Amino acid sequence: MARSRPRKRRRLCRAGGEGHDYLSGLSDDILLDIASRLATRHAVSFSLLSRRFRGLLAPFVRVDSVTVLDPTLPLPSYPGRHVLLRRLVFEPNNGFSVSAFRRLLDAATDRGLSELAIHLPRSTYLPRNVLSIPNLAVLSLDTCALPRWCPPACAHLRTLKLHRVNISRRMITAIFKAVPMLATLEMVYCTGLVGSCRVESSAVRNLLFISALEQREITLKLAGLTTVTLRTRSKVKMVKIQPAPKIRRAYLHIARPRTKLKFRIRPFLDAGTGLTCLTLRGVAVMLLSSEYKQTPKLAVTFEDLWILSLSLDFSNESQLCFLLKLLESCPNLKKLSLSVYKYTRSPKHFCIHISL
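Residues numbered from 1 in each chain as written. Predicted model: local features only at pLDDT ≥ 70, side-chain atom pairs only at ≥ 80, totals over all residues. Heavy atoms only, no water.

(A) Here's a closer look at the pairing of strand E4 (residues 138-145). Counting buried residues in E4 gives six out of eight residues, a clear majority hidden from the surface. The sheet contact formed by strand E3 (residues 115-119) and E4 spans five bridges and is parallel. Residue pairing in the sheet places Glu-115 in a bridge with Val-138 of E4. Of the pairings in the sheet, the one linking E4 to strand E5 (residues 159-166) comprises seven bridges and is parallel in character. Looking at the pairing, Leu-139 lines up with Leu-160 of E5. (Buried < 20%, exposed > 50% of the residue type's maximum accessible area, 1.4 Å probe, protein only. Helix = DSSP H or I, 4+ residues; strand = E, 2+ residues; numbered from the N terminus. Pairing = 2+ DSSP bridges.)

(B) Local environment of a positive patch on the surface. Positive charge collects at one region of the surface, where Lys-221, Lys-240, Lys-260 and Lys-262 lie side by side. Tracing the backbone through its elements, the reader meets Lys-240 in strand E11 (residues 238-241). Lys-240 gets classed as partly exposed once you look at its relative accessible area, which sits at 46%. (Patch = residues over 30% accessible without salt bridge, like charges linked within 9 Å, V, L, I, M, F, W, Y side chains within 5 Å. Areas by Shrake-Rupley, 256 points an atom, 1.4 Å probe, with all protein chains shown as cover. Salt bridge = Lys/Arg side-chain N within 4 Å of Asp/Glu carboxyl O. Lys, Arg positive; Asp, Glu negative; His and termini not counted. Charge placed at Lys NZ, Arg CZ, Asp CG, Glu CD.)

(C) Geometry of helix H5 (residues 169-178). For H5, the full list of buried residues reads Met-171, Ile-172, Ala-174, Ile-175 and Phe-176. Summarising the contacts, the buried residues of H5 are in contact with E5, strand E6 (184-188) and strand E7 (195-200). (Contact = heavy atoms within 4.5 Å.)

(D) Looking closely at the side chain of Thr-159. Along the chain, Thr-159 turns up in strand E5. In this structure, Thr-159 is in contact with Ala-137, Val-138, Leu-139, Leu-182 and Thr-184, ignoring residues within four places of it in sequence.

(E) Structural context of the confidence of the model for the chain. Looking at the chain as a whole, the pLDDT averages 83, with 83% of positions reaching at least 70. Counting interchain partners and residues more than four positions distant, the pLDDT-below-50 stretch residues 8-17 has one contact. (pLDDT = per-residue confidence, 0-100.)

(F) Here's a closer look at the sheet that holds strand E9 (residues 215-221). Reading across from one edge, E7-E9-E11-E13 is the order of the four strands in this open sheet, with parallel pairing throughout. A single partner strand is all that each edge strand has here, and the edge strands are E7 and strand E13 (262-263). In terms of strand pairing, E9 meets E11 through four bridges, oriented parallel. Paired with Leu-220 across the two strands is Ile-241, which belongs to E11.

(G) Just unusual backbone geometry, in detail. Positive phi, normally seen in glycine, also occurs at Thr-143, with a value near 55 degrees. Structurally, Thr-143 can be placed in strand E4. With a phi angle near 55 degrees, Tyr-189 is a residue other than glycine that sits in the positive phi range. Turning to its location among the elements, Tyr-189 is positioned in the loop between E6 and E7. A relative accessible area of 34% places Tyr-189 in the partly exposed class.

Laid out in structure tokens, this is it:
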């Protein structure tokens, strides 16, 4: 008989060669707390690391998303098993009880809620605990109003979307101070910021800002920006944008103001040497052409700029000169889109797309 060879045991390769297993020395309570903060797919991978972890996660049921129309209804539950909830969507059809919604948020917080979306049929004040969810990472608010003062306590928030939200300047400042990890910010038609709006943060990387009709002044101090989309309304008189050296994509739509506009784009453009995509709409080209009128050549070169889209008046000599100066500073440009626009009461425009 042929003699069977002993099977060779597989060697477990550790990352980085020699390493220490820190997870195995943790208590069950700490491991459960770590697992409750993970996303569903990451929790499954975590449970496959060892048999011990698989047994720890057995009593848990992970629910990915729940949509609630009536806050008085309970969240999904399983007898004898703890439910972990990742995302909660609140979309009531009619009016709702604020106290019932507060209790619903407390129950969702106990289940490890990390994403919250609220869309109301009409603007109504939200309960104070909406910004007191410790594990919250994504918050989307639409057609609602934040309390005039509620101390934020969501330090892990990374994405904040405010669409048609009534919010005060005091609350905006408090959120930026309490959320050091905020990376994505959207402010679309936000009311309550009568007169001026100031957005100042060193952590925000992606910004979408569309001004409301009542805003007159806009100040953006976001030095760490990589992507920005800015649209102004006709009543905006002054816009200040701090230069962002890390900017990669910029979309600037400056509406023609009813009065003289105080706005300088040149410092922002001169600092964006790493731009890959630039779009200028409205009177943005007109403003830049006046700022670079005395400059025969742009002081910077956009080596990484591949996509350029402009809206300008071809009958204006100053704007045509700025177009030539900008093209000279883009040696690696791949796509050019020109939107011809006449700044009259009834504007006429058409687009020209050129691939280089």
